[in-house]
Amino acid sequence: MNVLTAAVAAPIKLYRLVVSPTYGQTCRYYPSCSAYALAAVENHGAGRGVWLALRRLGRCHPWCEGGVDLVPTTENYRWWGRAAGTDGEDHTDDAVRGTDTNAPAGGFSTPVLPTRPTIS
């Protein structure tokens, strides 16, 4: 870890040590925003890590659904977002209906949504 990355990671670690325990588990995402920011800075460096952390903080608001949002790997990173198929938004209609044969077994999957009958 270079000096700039350590300098950016230090306030995040201090926040996680001092401030975060007073709030408890209130984050809508897993991992929490501070854990995501620390992992992003440690994995991608100061510049890209701060950018990813700011994007994550922008997504964290009272009207978001939350869920699992892991730091992208260097292979899946794109400055505007993630590579296709890595953020859960690139699902097919089969995944929405719950009939996707490629859905992970025992892992996180898209919930089965009820269908409305069509009126002819």
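Here is what the cut-offs are and how they apply
- Residues numbered from 1 in each chain as written.
- Predicted model: local features only at pLDDT ≥ 70, side-chain atom pairs only at ≥ 80, totals over all residues.
- Heavy atoms only, no water.
- Helix = DSSP H or I, 4+ residues; strand = E, 2+ residues; numbered from the N terminus.
- Core = buried A, V, L, I, M, F, W, Y, C linked by side-chain atoms within 4.5 Å.
- Buried < 20%, exposed > 50% of the residue type's maximum accessible area, 1.4 Å probe, protein only.
- Contact = heavy atoms within 4.5 Å.
- Patch = residues over 30% accessible without salt bridge, like charges linked within 9 Å, V, L, I, M, F, W, Y side chains within 5 Å.
- Areas by Shrake-Rupley, 256 points an atom, 1.4 Å probe, with all protein chains shown as cover.
- Salt bridge = Lys/Arg side-chain N within 4 Å of Asp/Glu carboxyl O.
- Expected span 1.5 Å × (residues − 1).
- Polar contact = N/O pair within 3.5 Å; in protein donor to acceptor, adjacent residues only side chain to side chain.

## Here's the deal with unusual backbone geometry
Inference 1: A cis geometry characterises the amide bond from Y30 onward to P31, with omega recorded as -5°.
Inference 2: Here P31 lies in the loop between β1 (29–30) and α3 (33–44).

## Let's talk about the nonpolar core
Inference 1: Residues A9, I12, A37, L38, V41 and A53 constitute the largest nonpolar core, which totals six residues.
Inference 2: When contributions to this core are tallied by element, the ones reaching two or more residues are α1 (3–18) and α3.
Inference 3: Among the elements that line this core, the one with the most residues is α3, at three residues.
Inference 4: Excluding its chain neighbours within four sequence positions, the residues that come into contact with A53 are Y36 and A37.
Inference 5: One finds Y36, A40, L52 and Y77 within the second-largest nonpolar core, a separate group that totals five residues.

## What to know about a nonpolar patch on the surface
Inference 1: A surface patch of nonpolar side chains, about 630 Å² in accessible area, is lined by L14, Y15, L17, V18, V19 and Y23.
Inference 2: The dominant element in the nonpolar patch, judged by the number of residues it contributes, is α1, at four residues.
Inference 3: With respect to the helices and strands, Y23 occurs in helix α2 (residues 20–23).
Inference 4: By relative accessible area, which is 57% here, Y23 ends up exposed.

## Comments concerning α3
Inference 1: With 12 residues, α3 should cover 16 Å at 1.5 Å per step; its first-to-last C-alpha distance of 16 Å lies within 8% of that length.
Inference 2: Those residues of α3 lying buried are C33, S34, Y36, A37, L38, A40, V41 and H44.
Inference 3: Looking one or two places after α3, you find G45, whose phi comes out positive at around 95°.

## A short note on the side chain of D69
Inference 1: With respect to the helices, strands and loops of the structure, D69 is situated in the loop between β2 (67–68) and β3 (77–78).
Inference 2: The exposure class of D69 is buried, given its relative accessible area of 7%.
Inference 3: In terms of polar contacts, D69 uses its side chain to reach the side chain of R59, at 2.5 Å.

## Some remarks on the pattern of salt bridges
Inference 1: Applying the stated rule across the entire model yields three salt bridges.
Inference 2: For the salt bridge of R56 with D69, the shortest nitrogen-to-oxygen distance reads 3.6 Å. Taken together, the residues R56 in helix α4 (residues 46–59) and D69 in the loop between β2 and β3 connect sequence positions 13 residues apart. Of the two residues, R56 and D69, neither departs from the other in class, the shared state being buried.
Inference 3: Put simply, D69 and R59 hold a salt bridge, and the shortest N to O gap is 2.5 Å. In this pair, D69 sits in the loop between β2 and β3 while R59 sits in helix α4, placing the two residues 10 residues apart along the sequence.
Inference 4: A single salt-bridge network, built from bridges that share partners, covers R56, R59 and D69.

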